[in-house]
Amino acid sequence: MLSKKYYLSILFSVFILIFWVNAKVLKIGVHRNAPVNKWIAPSYTDTLVSPILPEPIHLQNGKRIYAMECEVCHGKWGNGDGEAGFGLSVSPGDLNHKGVLAESDGSLFWKIYTGKKPMPSFNAKLDTTEIWQVVLYIRLVQSENQFKGSHKRKRKK
Ligand code: HEC
C-alpha cells in the first residue's frame, strides 16, 4: 500500500508541473517586452491634436530626434531593445504593442513631454513641434512594423 505522503508528493509535483507549463504558455515573468501601459495619460490629452502633418520634413526630423534621444532605450524599431533599455528598473516596453497603437497621439505627446522615471521628461530639451515630430515618426515606425512584423526587425548595429 502506498502511503498518503506518497500521494501528496505526486499531487504536489503535478501541481508544480501545471504551474510551470502555464507560466511558459502565458509567459509569466519571462517576456520582458510585455506591455507596460500601466502608465495612463490624463483623459484630456486625447483631445490634443497635432498641429503638423506627417510630411517628409517632419518625419525626417522626428527620425533624427528619435535616433538621438530615444533609441538608446526604446531600440531602433521601438521594441524596447536599446542597449540602455535592458538595465532599467522598468522596461521601456514595446512601442508597437496594440495598447500603444490604440493610444491617442495626444497621449503619446503628453508622455514624452512629461516623462516618468526612468524615462526622462523632454519638455525642456525638445520644443512642442519637435515632440509632435517624434510622435508622427513613432506612428510611421508602428505602421511599418505592423506591415513587416516587428519581431523580424531586430536592431542592426
Ligand atoms: C532612459 C531610457 C528612456 C529614454 C531615453 C526614453 N524613454 Fe520612453 N520610456 C522609457 C521607459 C522605462 C518607459 C516606461 C515607463 C513606465 O511605463 O513606467 C517609457 C515609456 C515611453 C512611452 C509610453 C509607452 C506606453 O506604454 O504608452 C512612450 C510613448 C515613450 N516612452 C517615448 C519615448 C520617446 C519618444 C523618447 C525620446 C524622445 C523616449 N521615450 C526616451 C524609457 C526611456
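In the block above lies the structure referred to throughout.
Asks: Looking at this model, I keep getting lost on unusual backbone geometry. Mind explaining?
Replies: Leaving glycine out, the prevailing phi sign among residues is negative, and the prevailing peptide bond configuration is trans. Omega for the peptide link from lysine 117 to proline 118 comes to 5 degrees, which places this bond in the cis form. Here proline 118 is to be found in the loop between helix H4 (105–114) and helix H5 (128–148).

Asks: What is the right way to read H4 from this model?
Replies: Residue pairs spaced three or four apart in an α-helix point in one direction, given the helix's 3.6 residues per turn. Here H4 has its buried residues at Gly106, Ser107, Leu108, Phe109, Lys111 and Ile112. Check the buried side of H4 and you find it contacts H5. After H4 finishes, the residue glycine 115 shows a positive phi value of roughly 75 degrees.

Asks: Just to check I follow, could you spell out the environment of alanine 84 for this structure?
Replies: With respect to the secondary-structure elements, alanine 84 resides in the loop between helix H2 (56–74) and helix H3 (98–101). For alanine 84, a count of 13 C-beta atoms within 10 Å puts it in the partly exposed group. Spatially, the C-alpha atoms of alanine 84 and glutamate 71 are 8.9 Å apart, while their sequence positions differ by 13 residues. Once you skip the residues sitting within four places of it in the chain, alanine 84 turns out to touch Val72 and Cys73.

Asks: Sorry if this is basic, but what is going on with the environment of threonine 45 here?
Replies: The residue threonine 45 is located in the loop between helix H1 (4–26) and H2 in this model. With 61 residues separating them in the primary sequence, threonine 45 and glycine 106 have C-alpha atoms 4.9 Å apart. With near-sequence residues (within four places) excluded, threonine 45 lies in contact with Ser104, Gly106, Ser107, Phe109 and Trp110.

Asks: So what exactly am I meant to see when it comes to the packing of H2 against H5 here?
Replies: Helix-helix packing is described using two parameters, namely the angle between the two axes and the distance between the axes. Between H2 and H5, the shortest axis-to-axis distance is 7 Å and the interhelical angle comes to 90 degrees. With respect to H5, the element H2 is oriented roughly perpendicular. The residues of H5 that touch H2, namely those facing His58, Leu59, Asn61, Gly62, Lys63, Ile65 and Tyr66, are Glu130, Gln133, Val134, Leu136, Tyr137 and Leu140. Taken together, the residues that form the contact of H2 with H5 break down as seven nonpolar, four polar and two charged.

Calculation notes
- Residues numbered from 1 in each chain as written.
- Predicted model: local features only at pLDDT ≥ 70, side-chain atom pairs only at ≥ 80, totals over all residues.
- Helix = DSSP H or I, 4+ residues; strand = E, 2+ residues; numbered from the N terminus.
- Buried ≥ 20, exposed ≤ 12 C-beta atoms within 10 Å, placed from the backbone.
- Contact = placed C-beta atoms within 7 Å.
- Axes fitted to C-alpha atoms, helices over the stretch in contact; angles between N-to-C directions.
- Parallel < 35°, antiparallel > 145°, perpendicular 65-115°, else oblique.
- Nonpolar A, V, L, I, M, F, W, Y, C, P; charged D, E, K, R; others polar.

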